[in-house]
Amino acid sequence: RILVGVSGGKDSLGLLQVLLYLQRRAPVKFEIAAATVDPQADSFDPRGLGAYCASLGVRHHLLSEPVLATAQRVRPTSICAFCSRMRRGRLYGC
């Protein structure tokens, strides 16, 4: 099984398309699912990703985690490393 982190950007959507292509042609069978971690930021709207994944026949997991609010409370040394760890932690639940 392969879980693809999908943000809605061209890199993650491109990776999803490539994996779907390989899934149809690979000599081994594998499942693909997609997951999006919503950081609960005003500038990020993941609502369209579920419908897009459904149109491809891919199961989509929408996970919500108040990453920015937690970062403001914790005040980590590196916000990028903190967000990455928080998102990855949510993905383990899929």
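Sequence order sets the numbering: in each chain, residues are counted from 1 along the sequence as written. Local features in this predicted model are restricted to residues whose pLDDT is 70 or higher, and side-chain atom pairs enter the listing and the counts only when it is 80 or higher, whereas totals over whole chains, interfaces and linings include all residues. Based on all heavy atoms of the structure, the side-chain values leave hydrogens and waters out of the count.

A. Expanded view of the pattern of salt bridges. What makes a salt bridge here is a side-chain nitrogen of Lys or Arg within 4 Å of a carboxyl oxygen of Asp or Glu, nothing more. Taken as a whole and judged by the stated rule, the model has two salt bridges. D45 is the partner of R47 in a salt bridge, and the nearest nitrogen-oxygen pair spans 2.7 Å. Linking R90 and E65 is a salt bridge whose minimum nitrogen-to-oxygen distance equals 3.3 Å. With R90 in helix α4 (residues 79–91) and E65 in the loop between β3 (59–64) and α3 (67–74), this residue pair connects regions lying 25 residues apart in the sequence. Numbered from the N terminus, helices here are DSSP runs of H or I no shorter than four residues, and strands are runs of E no shorter than two.

B. Up close: the confidence of the model for the chain. Note on scores: pLDDT gives the predictor's confidence for each residue, bounded by 0 and 100. Overall, the predicted model of the chain reaches an average pLDDT of 90, with 100% of residues at or above 70. Confidence, read as mean pLDDT per element, is least for α4 in the chain (80) and greatest for helix α1 (residues 10–25) (97).

C. Spotlight on the packing of α3 against α4. An axis is simply a line fitted to the C-alpha atoms; with a helix, the fit covers only the stretch in contact. Between two such axes, the angle follows the N-to-C directions and lies from 0 to 180 degrees. Packing of α3 against α4 brings their axes to within 10 Å, and their N-to-C directions diverge by 130°. On the basis of the axis angle, α3 is oblique to α4. For the element pair α3 and α4, the recorded crossing hand is right-handed. Two secondary-structure elements touch here, α3 through V67, T70, A71 and V74 and α4 through I79, F82, C83 and M86. Throughout this entry, Asp, Glu, Lys and Arg are counted as charged residues, while Ala, Val, Leu, Ile, Met, Phe, Trp, Tyr, Cys and Pro are counted as nonpolar. The remaining residues, Gly among them, count as polar. Tallied by class, the residues present in the contact of α3 with α4 amount to seven nonpolar, one polar and no charged. Orientation categories follow fixed angle ranges, with anything under 35 degrees roughly parallel, anything over 145 roughly antiparallel, 65 to 115 roughly perpendicular, and all other angles oblique. Should the near helix be turned counterclockwise from the far one by less than a right angle, the crossing is left-handed, whereas a clockwise turn marks it as right-handed. By definition, residues are in contact when any of their heavy atoms lie within 4.5 Å.

D. Highlighting the environment of A41. Here A41 lies in the loop between β2 (32–38) and α2 (47–56). When accessible area is computed with a 1.4 Å probe and restricted to protein chains, residues below 20% of their type maximum are described as buried, those above 50% as exposed, and intermediate ones as partly exposed. Residue class for A41 comes out buried when judged on its relative accessible area of 15%. C-alpha separation for the pair A41 and P66, spaced 25 residues apart in sequence, amounts to 7.9 Å.

E. Local environment of the side chain of S12. Following the sequence through the fold, S12 ends up in helix α1. Overall, S12 belongs to the buried group, its relative accessible area being 10%. Nitrogen and oxygen atoms within 3.5 Å of one another constitute a polar contact, given that in protein one can donate a hydrogen and the other can accept it, and given that sequence-neighbouring residues count only through two side-chain atoms. At 3.4 Å, the side chain of S12 forms a polar contact with the backbone oxygen of G9. When near neighbours in sequence (up to four residues on either side) are disregarded, S12 contacts V4, G5, V6 and S7.

F. The arrangement of the sheet that holds strand β1 (residues 2–5) in detail. For two strands to count as paired, DSSP must find a minimum of two bridges between them. As summarised here, the arrangement of the three strands in space is β1-β2-β3, forming an open sheet in which the pairing is parallel. Because the sheet does not close on itself, it has two edges, and the strands there are β1 and β3. On average, each strand axis in the sheet is inclined to that of its neighbour by 25°, with strand direction left out of account. Bridging between β1 and β2 involves four bridges; their strand directions are parallel. Residue pairing across strands places L3 opposite A33, the latter belonging to β2. The sheet strands contacting α1 are β1 and β2, and the helix crosses β1 at an angle near 155°.

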